[in-house]
Amino acid sequence: MDAANVTNATRRRRVIISALTLSLAASLAACGSDHQEPSEGKDRIGLLLPENNSTRYEKFDHTIISRRLAALCLECAVDYGNAESSADTQRDQFEALVKKGVKVIILDPVDAQAAKSWVDSAAHQGVKVIAYDRLAEGDVAAYVSYDNEKIGRLQGEGILTALGSRAASANVVMFNGSPNDPNAPAFKKGAHAVLDGKVHQIVYEKDIPEWSEGTAKKEMTDVINSRGARGFDAVYSANDGMAGGIAEALKSAAVANVPLGGQDAELPALQRLLSGTQAFTVYKEVRPEAETAAELAFRLLRGQSITSLTPTTAASHSKSGIPAKLFKATVVTKENLKDTVVRDGVVRADLLCTPALAAECASLGLR
């Protein structure tokens with residue numbers, strides 16, 4: 001090859017190498033852009049939970065939903081807020097997400113009725129709202145929860161089972177959930193459907209605002225003072241948080257052998273099962289509920305069908321035919337604790353089995 005040909009070949013190689021370098025740089029830049037922080041509102045999903053009094057929201061729901069969304073969508077980010085039991089705070093959080101341009105919001109409402117105006121306003125702006133755990137009023141796009149009336153039935157059955165042969169002559173005290181929680185009437189309805197006509201009488205009944213443990217404790221103390229320690233035979237508590245306050249009131253008054261039921265399978269309640277100060281709780285597996293909410297959010301964000309994830313429908317006071325997924329729950333007693341919440345990893349045996357509970361744990365094969 002002569003000198004001129006060598007020079008031309010060299011020039012061609014330099015052009016090719018330069019082109020490849022530019023192409024590679026462009027490709028790397030494009031790849032890098034896939035992992036940059038999403039632009040304002042774009043590829044962001046809102047997650048608004050109602051309170052942090054219950055351990056489940058921060059420990060389970062928030063974590064599981066965020067992790068599932070991260071696995072489904074590398075480009076997505078979660079904007080999270082906890083309302084700490086304030087409907088006004090939740091409204092501000094919700095409206096801030098809409099203003100930011102977030103197009104899908106998973107909402108567990110503090111006050112379902114109060115949420116209607118925000119949800120409707122957001123829907124008019126093209127925002128898809130998934131009602132999570134509690135059915136918000138307004139134009140929600142989907143609903144994920146449990147069959148709450150069936151949960152109330154399970155609680156009623158738990159009371160009857162704990163009373164055994166005493167049920168027909170038993171006087172029962174009922175502490176229902178917060179009036180602004182749409183799930184609370186369903187729990188109450190289900191429990192009454194089982195208890196009414198099967199126990200002698202519901203001698204006292206109260207809805208407890210904000211599911212307050214302190215209020216439940218005070219109300220239980222007042223019942224004991226007015227009716228006496230032998231004036232009731234069982235206590236229905238709509239959740240485990242209130243059951244904790246009720247158990248304290250019973251203990252302070254030296255009232256024993258009165259079955260107490262709850263819901264949520266929280267660690268203190270599970271320990272009360274072992275100690276004998278609570279008869280049962282209701283275990284709702286958070287993981288499938290949370291992961292389904294995350295998958296619904298991703299599909300709605302991408303404009304995909306959610307039909308396969310919502311095999312049934314639900315109705316609020318303001319909308320019917322809402323695509324829904326409703327999961328089943330399980331009654332947990334001391335006897336099946338090992339094969340439910342411990343088996344599923346909801347609670348570790350070493351955390352459950354304190355020194356004071358060592359003998360009970362050993363008898364159940366937990367240690």
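Residues numbered from 1 in each chain as written. Predicted model: local features only at pLDDT ≥ 70, side-chain atom pairs only at ≥ 80, totals over all residues. Heavy atoms only, no water.

Colleague: Looking at this structure, I do not really get the overall build of the chain. What am I missing?
Modeller: A count of helices and strands for the chain gives 13 helices and 13 strands. Looking at the chain as a whole, 47% of its 367 residues qualify as buried. Pairs at least 24 residues apart make up 72% of the contacts formed inside the chain by residues separated by at least 6 positions. (Helix = DSSP H or I, 4+ residues; strand = E, 2+ residues; numbered from the N terminus. Buried < 20%, exposed > 50% of the residue type's maximum accessible area, 1.4 Å probe, protein only. Contact = heavy atoms within 4.5 Å.)

Colleague: Teacher, can you tell me more about the side chain of Asp 108 here?
Modeller: Mapped onto the elements of the fold, Asp 108 is located in the loop between β3 (104-107) and α4 (116-124). If we ignore the near neighbours within four places in the chain, the residues touching Asp 108 are Leu 48, Leu 49, Pro 50, Tyr 57, Gln 90, Tyr 132, Asp 133 and Arg 134.

Colleague: Would you explain the pattern of salt bridges in this entry?
Modeller: Where side chains of opposite charge bring their charged atoms close, a pairing between them can arise. Evaluation of the coordinates by the stated rule reveals 24 salt bridges. For Glu 289, the salt bridge identified is with Arg 56, shortest N-O distance 3.3 Å. Pair noted here: Glu 289 is in helix α10 (residues 286-302) and Arg 56 is in helix α2 (residues 55-72), with a separation of 233 residues, a long-range link. Notably, a salt bridge pairs Lys 116 with Asp 120, separated by 2.8 Å at the nearest N-O pair. Separated by four residues within a single helix, Lys 116 and Asp 120 lie in helix α4, roughly one turn from each other. Taking the relative accessible area as the measure of exposure, Asp 120 reaches 19% and is therefore buried. (Salt bridge = Lys/Arg side-chain N within 4 Å of Asp/Glu carboxyl O.)

Colleague: Where do I start with unusual backbone geometry in this structure?
Modeller: Apart from glycine, the bulk of residues carry a negative phi angle, and the bulk of peptide bonds sit in the trans form. The backbone of Glu 84 sits at a positive phi, close to 50°, despite the residue not being glycine. Looking at the element boundaries, Glu 84 is found in the loop between β2 (77-82) and α3 (87-100). Despite not being glycine, Ala 254 has its phi angle at roughly 60°, a positive value. Mapped onto the secondary structure, Ala 254 falls in the loop between α8 (240-252) and β9 (260-261). Judged by its relative accessible area of 68%, Ala 254 is exposed.

Colleague: What's the story with the sheet that holds strand β12 (residues 322-327) in this structure? I'm lost.
Modeller: Across a sheet, strands are paired by hydrogen bonds formed along the backbone, either parallel or antiparallel in direction. An order of β2-β1-β3-β4-β5-β12-β11 is seen for the seven strands of this open sheet, with the pairing classed as mixed. In the strand order of this sheet, the two ends are held by β2 and β11 (312-314), each with one partner. Ignoring strand direction, the axes of neighbouring strands in this sheet form an average angle of 25°. Running at roughly 165° to strand β1 (residues 44-49), α2 makes contact with β1, β2, β3 and β4 (128-132) of the sheet. (Pairing = 2+ DSSP bridges. Axes fitted to C-alpha atoms, helices over the stretch in contact; angles between N-to-C directions.)

Colleague: How do you make sense of the nonpolar core when you look at a structure like this?
Modeller: With 69 residues, the main nonpolar core has Ile 106, Tyr 132, Phe 175, Met 220, Phe 232 and Val 235 as its most contacted residues. Of all the elements, α10 adds the most residues to this core, at nine residues. Once you skip the residues sitting within four places of it in the chain, Ile 106 turns out to touch Ile 45, Gly 46, Leu 47, Leu 48, Ile 65, Ile 130, Tyr 132, Ala 293 and Ala 297. Counting residues in each nonpolar core, the second largest holds 21 residues, with Val 98, Ala 115, Tyr 143 and Ala 314 among its members. (Core = buried A, V, L, I, M, F, W, Y, C linked by side-chain atoms within 4.5 Å.)

Colleague: So what exactly am I meant to see when it comes to the pairing of β4 here?
Modeller: Along any regular strand, the residues point their side chains to alternate faces of the sheet. Within β4, four of the five residues are buried, which leaves the element mostly enclosed by the surrounding structure. Across four bridges, the pairing between β3 and β4 is parallel. Following the sheet pairing, Ile 106 is matched in β4 by Ile 130. In the classification by handedness, the crossover that spans β3, the intervening α4 and the parallel β4 is right-handed. (Right-handed = clockwise from strand over helix to strand, strands pointing away.)

Colleague: What is the right way to look at α2 in this model?
Modeller: Since there are 3.6 residues in each turn of an α-helix, residues three or four apart along the chain are aligned in direction. Relative to the 26 Å expected for 18 residues at 1.5 Å per residue, α2 spans 26 Å between its end C-alpha atoms, a close match to the ideal helical length. In the structure, α2 departs most strongly from a straight axis at Asp 61, where the bend amounts to approximately 25°. Burial in α2 covers these residues: Arg 56, Tyr 57, Asp 61, Ile 64, Ile 65 and Leu 69. Of the surrounding elements, those touching the buried residues of α2 are β1, β2, β3, β4 and α10. (Expected span 1.5 Å × (residues − 1). Bend = angle between axes of the 7 residues up to and from the residue.)

Colleague: How should I be thinking about the sheet that holds β9 in this particular structure?
Modeller: Pairing is parallel in the open sheet, where four strands are placed in the order β7-β6-β8-β9. Each having just a single partner strand, β7 (201-207) and β9 make up the two edges of the open sheet. Bridging between strand β6 (residues 171-176) and β7 involves six bridges; their strand directions are parallel. Directly across from Val 172, in β7, lies its bridge partner Ile 202. Here helix α7 (residues 213-227) sits on the sheet in contact with β6, β7 and β8 (234-237), set at roughly 155° to β6.

Colleague: Before we go on, may I ask you to explain the packing of aromatic side chains in this structure?
Modeller: To describe a pair of aromatic rings, you give the distance between the ring centres and the angle between the ring planes. Following the criterion strictly, the structure yields four aromatic pairs and no others. Centroid distance Tyr 146 to Phe 327: 5.8 Å. Interplanar angle 50°. Geometry classified as tilted. Linking Tyr 146 in strand β5 (residues 142-146) with Phe 327 in strand β12, this pair joins segments that are 181 residues apart in sequence. The ring of Phe 327 carries Lys 325 above its face, with NZ or CZ at 5.1 Å from the centroid. (Phe/Tyr/Trp six-rings, centres within 6.5 Å; stacked < 30°, edge-to-face > 60°. Lys NZ or Arg CZ within 6 Å of the ring centre and 35° of its normal.)

Colleague: Could you clarify how one ought to interpret the state of the cysteines in this entry?
Modeller: In protein structure, a disulfide is the covalent linkage between the sulfur atoms of two cysteines. Per the counting criterion, the structure on display carries two disulfides. Paired by a disulfide, Cys 73 and Cys 76 hold their sulfur atoms 2.0 Å apart. Between Cys 73 and Cys 76, the disulfide has an S-S torsion of 75° and is therefore right-handed. Cys 73 sits in the buried class, given a relative accessible area of 2%. In this model Cys 353 forms its disulfide with Cys 361; the gap between the sulfur atoms is 2.1 Å. (Disulfide = S-S within 2.5 Å.)

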